[in-house]
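Spelled out from the first residue to the last, the chains are:
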Amino acid sequence: MEFVHAPKACAAVGPYSHAVKAGNTYYLSGQVPFHPVTGEVVGKDMAEQATQTLTNMKAVLDACGLAIAHIAKVTVFITDMHDFDAFNTVYADFMGEHRPARVCVEVSNIAHGCLLELDCVCVVE
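What counts as what
Residues numbered from 1 in each chain as written. Predicted model: local features only at pLDDT ≥ 70, side-chain atom pairs only at ≥ 80, totals over all residues. Heavy atoms only, no water. Helix = DSSP H or I, 4+ residues; strand = E, 2+ residues; numbered from the N terminus. Rg over C-alpha atoms; globule rule 2.2 N^0.38 Å. Buried < 20%, exposed > 50% of the residue type's maximum accessible area, 1.4 Å probe, protein only. Contact = heavy atoms within 4.5 Å. Areas by Shrake-Rupley, 256 points an atom, 1.4 Å probe, with all protein chains shown as cover. Lys, Arg positive; Asp, Glu negative; His and termini not counted. Charge placed at Lys NZ, Arg CZ, Asp CG, Glu CD. Core = buried A, V, L, I, M, F, W, Y, C linked by side-chain atoms within 4.5 Å. Polar contact = N/O pair within 3.5 Å; in protein donor to acceptor, adjacent residues only side chain to side chain. Pairing = 2+ DSSP bridges. Axes fitted to C-alpha atoms, helices over the stretch in contact; angles between N-to-C directions. Left-handed = near helix turned anticlockwise from the far one by under 90°. Nonpolar A, V, L, I, M, F, W, Y, C, P; charged D, E, K, R; others polar.

(A) Representation of the overall build of the protein chain within the structure. A tally of regular secondary structure across the protein chain gives two helices and six strands. Start at the N end of the protein chain and walk to the C end: the helices and strands fall as β-β-β-α-β-α-β-β. The C-alpha atoms of the protein chain give a radius of gyration of 14 Å, which matches the 14 Å a tight globule of 125 residues would have. In terms of principal-axis extent, the alpha carbons of the protein chain reach across some 40 × 30 × 20 Å. Here the protein chain, with 125 residues, has 39% of them falling under the buried criterion. Contacts spanning at least 24 positions in sequence make up 70% of the contacts within the protein chain whose residues lie at least 6 apart. Accessible surface, the protein chain: about 6,700 Å² in total, of which carbon and sulfur atoms supply 55%. A gap of 7 Å separates the mean positions of the 7 positive and 14 negative side-chain charges of the protein chain.

(B) Representation of the nonpolar core within the structure. Counting 31 residues, the largest nonpolar core has Leu-28, Met-57 and Ile-71 as the members making the most contacts within it. Those elements giving two or more residues to this core turn out to be β3 (25-31), α1 (46-64), β4 (71-78), α2 (84-95) and β6 (116-123). Per-element tally for this core: the top contributor is α1, with eight residues. If sequence neighbours within four positions are ignored, Ile-71 has contacts with Met-57, Leu-61, Met-95, His-98, Pro-100, Cys-120, Val-121 and Cys-122. Membership of the second largest hydrophobic core comes to five residues, among which are Cys-10, Val-32, Phe-34 and Cys-114.

(C) Spatial organisation of the environment of His-82. Tracing the chain through its elements places His-82 in the loop between β4 and α2. In sequence terms His-82 and Met-46 are 36 residues apart; their C-alpha atoms lie 9.9 Å from each other. Separated by 2.8 Å, the side chains of His-82 and Asp-80 make a polar contact.

(D) Expanded view of the pairing of β6. Residue alternation in β6 divides its side chains into a buried set, Leu-116, Leu-118, Cys-120 and Cys-122, and an unburied set, Glu-117, Asp-119, Val-121 and Val-123. When β3 meets β6, the two strands line up antiparallel, connected through five bridges. Paired with Tyr-26 across the two strands is Cys-122, which belongs to β6.

(E) Quick look at the packing of α1 against α2. One can describe the packing of α1 onto α2 by two numbers: an axis separation of 8 Å at closest approach and a directional angle of 35°. Classified by chirality, the crossing of α2 by α1 is right-handed. From α1, Met-46, Ala-47, Ala-50, Thr-51, Leu-54, Met-57 and Lys-58 reach across to α2, where they touch Ala-86, Phe-87, Val-90, Tyr-91, Phe-94 and Met-95. Here the residues of the contact of α1 with α2 sort into 11 nonpolar, one polar and one charged.

Next up, the structure:
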C-alpha cells in the first residue's frame, strides 16, 4: 500500500492519510468544507459547502495523479436531506458527464458543524 499526502488539501486532522493506494484502487478519505490554508469551515449553506468539499476532493485526486474520470464510487453524508437538491446541483456540475456509483445518507452530525462529508473510491485501469 501507498499512503498519499495532498499538500493542497486541508491537513489531516487525525491519524489518517488523504488517500491510500492499494493495487489499482485509491481510497480517498472523507473531505469536508475546510479551507485548505486556514482550516476554517467555508460557507454557510449547502451549495457553498459542497463546492468547497468537492474542491478539496479534487486536490486529493490531483495529488494522486487522478482525474474525475477515475472515480468509481462516492459516499456522501449530509445533515439534512432537505439540502439534497442543492448538493446534487453542485455535484452534477463537478462531475460533468461522469456518473460514478453513489450513496447519499442523512446523518445527525458532522464534525465542526459541517453540512456534509464525502469520500470516494477511484480505479485506474
